[in-house]
Amino acid sequence: MRIGLFTGSAALALAAGIAAPSLSAQQVQGTDGAQTEEGEDEIQTAREIVVQGDIGFRNRSPDAEPILIYDEEYFQRFEPLTAGDALKRVPSVTFLSDVIESDGARLRGLDPGYTQILINGERVPGGNADRSFFLDRIPAELIQQVEIVRSSSARRTGDAVAGSLNIVLRDGFSLDGGYVRGGGLLFDDGEFKPSGGFYYGGALAGGRVLIGANIQGRYNPKIKSSLRFGDSPENNPNFFADDFDNREDQTDTRDGTDYAFNASWGIESETTEFEILGNFVHTDRTESERSFEYDDLTAISGSVFLGGNLLTDNAEFTDIDQDTWSISARLEQEWSLGETTFRATFARFDGNENGTEFEIDFEDAEPVLEGENSLVDVVDDELSFQIDHEFEIADGIEFVIGGFLQFKERDSDLTVAEQEIDLDPALQSWDQFSDNPFDVAGQFDPFEDIPGGVNTISEDRTDLFALFDIERGDLTAEIGIRWENTSVDIEDATVPAALAFTSVDYDEFLPSASFKYELGRGRLTASVARTLRRPRLDFLSPVLLEEELEDSDFLGNPGLVPETAWGGDLGYEHKIGRTGVIGVNVFYRDITNLVELTTVIDPLTGMAVEGSEGPGTFVFQPQNVGSGEVYGIEFDASFSLAFIGLRDTGVFGNLALLDSNITDFAGERRFNDQSEYVYNFGAIQNLPEFGAAFGATYRKQGTAFGRVIAEEVTTSYGADLEIFVEKRIGDRFTIRAVGSNLLDSTKDEVFNKFDNVADQLARDFDEFEIESERAGPVFQLVARYAF
């Protein structure tokens, strides 16, 4: 395990949601797909949630923005565990996660930092260094609906180059009654993990209250195999036989439990609405890895000292503890001059990791044990306020003006201790299947700060926005502009005093416009917007990390400014029957000020600065020097087959063809790790006479390629098949069995590794690696009872 500035802070994922009003400002969707005025949406009974008599389809949004809406009925029958699992069934969302995991959503295939994650229409803080928000800690049971927001609006922060994903959680105005949920998951290695929950919504103190609690066992028994070679098929077609170096067999087990609690209370009158909401998520998780490296393609014999094939034995254990909580309040007041809305939110993420790794190397004359103990502590606080006021200036035209304040502080503390021990030669008879490197470990040296890992980053924002909402006949439009001013202060305890405190200020104007025109049973949508992506937090400290990029060094840059993008979407969707819809959309983004790693130039000599390892190595720094384009086409459909007499059969499907172009130090490529395509299709069959249903969904994600300094990786995934069978008993009880990853999908990666950029350009390989990972099918049984 190598803990550095990048990997340490990026390993912590935020797991919370801010509760606030839904994204739709003018109208919201009723549970049956019909449009209803805001404040008049139907309260769903617990029985309707537990016993689904109808099939859920994608809804059509009444807003001018291009938004796709999926109610919980669309997801629930496949029993997703998390919000990330649910998003695998919607258009254009890819993941680069380990097999059977769904954490960092990549809308349109782009890095998670390009996708804005919203909870009930409000941006949420991310615990990762790239500011992304991991979705695998939001229980799917709390979701009321998911909205894919393809463009941007002046109403929200502009951190949405790829678009936004809005997770709408249940509140007191969406649930009447209560229900309990219980079940469990059976994994490929025989492990069983329970799950359960309690949810209630009803009247309280003149308003409405929602209380929800959820416990979810989490487990992932991954098995990995890696083959490493001294050269690649690029240079030697017979590399497999000629250049074999070693094989690594690894088990990687993620085991833990998530505990979630949320509550809300709201009250409304003819002119006033008030709501207060809170969330708490606790994650207790361990990651246990064990790997054996052999000098043979198939052998599993012992130490090379005894004529065996074992080169190294590595054991790693990480204990992860994360707490996230948030509280939010919203007040809406109608008065003679229009409607004023005020929101206040505080959110905290507190994540701790304690990771220990030991490795015994049997290749030397005497066995050597090396150990590392890393401690990662990240606390991220965000306090925000927003106020806006809207009023009618003409028939069908409303004007909205508002402001936003945010105060963010992120404290990081990354330390590491090491040890190295020459072991007794008697360990030459080591049995890797019964012995463990932890058993022969000694004392660690004192902990030391990781360069760049002990810092405080403060980010204060002041935004102003204004927009026009227009509804004239068949035309709906929103035209607005947002000004965002940001002040960033970085204080780093690991750099020289002269560099310990740095600051930067920047501001951006972000215009946006969206139009929707009704054409009978169809509608045409068009939008254009300017958006941004703020710099990675781990790029901002002016720290110098030696050999961070193989033989070359990394130098942080506190002067980075956001990447910016002009983008457009053009789409058409058509209503099929009473609830179905089919749509197509094309999109384009022109991104400038791209952050790329660039050689540092000595201003006196005009030459590249030499790295710490001498000639042939360099110092690289992230700089705003690049530009790129992203484009693609998206199709989606979900409808009943009632038009051919099969009213109890529903089908759904989506396809996104994704592409991009960027030029880096080695030439043209796509944006890193953007999949070429992603598609999903399936069907649900209701059997009302038997009180039952069944269905299946099939998903496939295309190959992705990424290139950074001294390393390239090509990633591909196998197909994923999920099947459910459901039985409804009366109008209060449902039991459901689900099988996922039924095709035993694998994640396959091919790595090209080099010592430096010169070797990378010359294709002089240091190592060529083929890695495959699997986890096996997962079976789930879930029951719900409404009361």
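Procedures and definitions
Residues numbered from 1 in each chain as written. Predicted model: local features only at pLDDT ≥ 70, side-chain atom pairs only at ≥ 80, totals over all residues. Heavy atoms only, no water. 1 Å grid on protein atoms, 1.4 Å probe; cavity = no way out; pocket = protein on both sides within 12 Å on 5 of 7 lines; lining within 4 Å. Points joined across faces, edges and corners; volume = space filled by probe spheres on them. Helix = DSSP H or I, 4+ residues; strand = E, 2+ residues; numbered from the N terminus. Nonpolar A, V, L, I, M, F, W, Y, C, P; charged D, E, K, R; others polar. Buried < 20%, exposed > 50% of the residue type's maximum accessible area, 1.4 Å probe, protein only. Core = buried A, V, L, I, M, F, W, Y, C linked by side-chain atoms within 4.5 Å. Contact = heavy atoms within 4.5 Å. pLDDT = per-residue confidence, 0-100. Polar contact = N/O pair within 3.5 Å; in protein donor to acceptor, adjacent residues only side chain to side chain. Pairing = 2+ DSSP bridges. Patch = residues over 30% accessible without salt bridge, like charges linked within 9 Å, V, L, I, M, F, W, Y side chains within 5 Å. Areas by Shrake-Rupley, 256 points an atom, 1.4 Å probe, with all protein chains shown as cover. Salt bridge = Lys/Arg side-chain N within 4 Å of Asp/Glu carboxyl O. Phe/Tyr/Trp six-rings, centres within 6.5 Å; stacked < 30°, edge-to-face > 60°. Lys NZ or Arg CZ within 6 Å of the ring centre and 35° of its normal.

## Let's talk about empty space enclosed by the protein
Phase 1: Across all of its chains, the model carries 14 cavities of 30 Å³ or more by this definition.
Phase 2: Looking at the largest cavity, it is lined by 45 residues, and the ones nearest its centre are Asp85, Lys88, Ile100, Glu101 and Ser102.
Phase 3: Contributing elements (two or more residues each) for the lining of the largest cavity: α4 (83–87), β14 (207–229), β15 (244–268), β33 (692–701), β36 (720–729), β37 (733–740) and β40 (778–786).
Phase 4: Considered class by class, the residues forming the lining of the largest cavity number 15 nonpolar, 14 polar and 16 charged.
Phase 5: Volume-wise, the second largest cavity comes out at about 220 Å³.
Phase 6: Here the lining of the second largest cavity takes three residues from β14, the largest share from any one element.
Phase 7: Across the lining of the second largest cavity, the residue classes break down as eight nonpolar, four polar and ten charged.

## Details of unusual backbone geometry
Phase 1: Its identity is not glycine, yet Glu550 carries a phi of approximately 55°, on the positive side.
Phase 2: Along the chain, Glu550 turns up in the loop between β25 (544–549) and β26 (552–555).
Phase 3: The phi dihedral of Asp744 is positive, around 55°, even though this residue is not glycine.
Phase 4: With respect to the helices and strands, the residue Asp744 is situated in the loop between β37 and β38 (746–753).
Phase 5: A relative accessible area of 26% means that Asp744 is categorised as partly exposed.

## Topic: the nonpolar core
Phase 1: Leu87 and Leu135 are the most contacted members of the largest nonpolar core, which totals 57 residues.
Phase 2: Sorting elements by how many residues they give to this core places strand β30 (residues 646–664) first, with four residues.
Phase 3: Excluding anything up to four places from it in sequence, Leu87 contacts Val93, Phe95, Leu135, Val146, Leu165 and Ile167.

## Quick notes on the environment of Glu72
Phase 1: Among the structural elements, Glu72 can be located in helix α3 (residues 72–75).
Phase 2: In this structure the C-alpha to C-alpha distance between Glu72 and Asp507, which are 435 residues apart in sequence, comes to 38 Å.

## Examining the confidence of the model for the protein chain
Phase 1: For the protein chain, per-residue confidence averages 90 on the pLDDT scale, and 94% of positions sit at 70 or higher.
Phase 2: Considering only residues more than four positions removed or in separate chains, one finds that residues 1–40, a stretch of pLDDT under 50, has 157 contacts.

## Some words on the side chain of Arg482
Phase 1: For Arg482, the position within the fold is in strand β22 (residues 475–492).
Phase 2: Note on Arg482: relative accessible area 1%, which makes it buried.
Phase 3: Of the polar contacts made by the side chain of Arg482, one reaches the backbone oxygen of Arg155; its length is 3.3 Å.
Phase 4: In this structure the side chain of Arg482 is engaged in a polar contact, spanning 3.2 Å, whose partner is the side chain of Glu484.
Phase 5: When neighbours within four sequence positions are excluded, Arg482 is seen to be in contact with Ala154, Arg155, Arg156, Thr157, Phe404, Asp463, Leu464, Phe465, Glu508, Phe509 and Leu510.

## A look at the sheet that holds strand β4 (residues 58–60)
Phase 1: Read from one edge of the open sheet, six strands run β4-β5-β10-β11-β8-β9, paired in mixed fashion. With one partner strand each, in any of the chains shown, β4 and β9 (122–123) form the two edges of the open sheet.
Phase 2: Note that strand β5 (residues 67–71) and strand β10 (residues 143–149) share five bridges and pair antiparallel. What sits directly across from Leu68, in β10, is Ile148.

## Details of the pairing of strand β39 (residues 767–774)
Along a regular strand, successive side chains alternate from one face of the sheet to the other.
Phase 1: Here β14 pairs with β39 via seven bridges, running antiparallel. Among the inter-strand pairings, Ser225 is bridged to a residue of β39, identified as Ser772.
Phase 2: Bridge count between β38 and β39: eight bridges; the pairing is antiparallel. Its bridge partner lying in β39, Lys747 is registered against Glu773.

## Focus on a nonpolar patch on the surface
Phase 1: Taken together, the side chains of Val180, Phe198, Tyr200, Ile211, Phe261, Ile276, Phe280, Trp325, Ile327, Tyr785 and Phe787 make up a nonpolar region of the molecular surface, amounting to roughly 920 Å² of accessible area.
Phase 2: If you list the elements that add at least two residues to the nonpolar patch, you get β13 (192–204), β16 (272–294) and β17 (310–335).
Phase 3: Turning to its location among the elements, Phe261 is positioned in strand β15.
Phase 4: Take Phe261: its relative accessible area is 40%, and that puts it in the partly exposed class.

## What about the environment of Gly190?
Phase 1: Looking at where Gly190 falls in the secondary structure, it is placed in the loop between β12 (175–186) and β13.
Phase 2: As for Gly190 and Val778, which are separated by 588 residues in sequence, their C-alpha atoms are 9.9 Å apart.

## Quick word on the pattern of salt bridges
Phase 1: Counted under the stated rule, the structure contains 72 salt bridges.
Phase 2: When the shortest N-O distance is used, the salt bridge between Glu79 and Arg736 registers 2.7 Å. Of this pair, Glu79 sits in the loop between α3 and α4 while Arg736 sits in strand β37, and the two are 657 residues apart along the sequence.
Phase 3: The class of Arg736 is buried, set by a relative accessible area of 1%.
Phase 4: We note a salt bridge from Arg536 to Asp538, for which the minimum N-O separation is 2.7 Å.
Phase 5: When its relative accessible area of 3% is taken as the criterion, Asp538 is described as buried.
Phase 6: One network of salt bridges, in which partners are shared, links Asp98, Glu101, Lys222, Lys224, Asp252, Arg254, Arg285, Glu287, Lys747 and Glu773.

## Considerations on the packing of aromatic side chains
Phase 1: Enumeration according to the criterion identifies 33 aromatic pairs in this entry.
Phase 2: Each ring, one from Phe618 and one from Phe620, has its centre 6.3 Å from the other, and the planes form 75°; the classification is edge-to-face.
Phase 3: Looking at Phe618, the relative accessible area reads 26%, which means it is partly exposed.
Phase 4: The class of Phe620 is buried, set by a relative accessible area of 5%.
Phase 5: Site record: aromatic cluster; members linked through ring pairs are Phe229, Phe239, Phe240, Phe244, Phe754, Phe765 and Phe768.
Phase 6: Seen from the ring of Tyr74, Arg89 lies directly overhead, with NZ or CZ sitting 4.3 Å from the centre.
Phase 7: In this structure, Arg536 is placed above the aromatic ring of Phe539, and the distance from its NZ or CZ to the ring centre is 5.4 Å.

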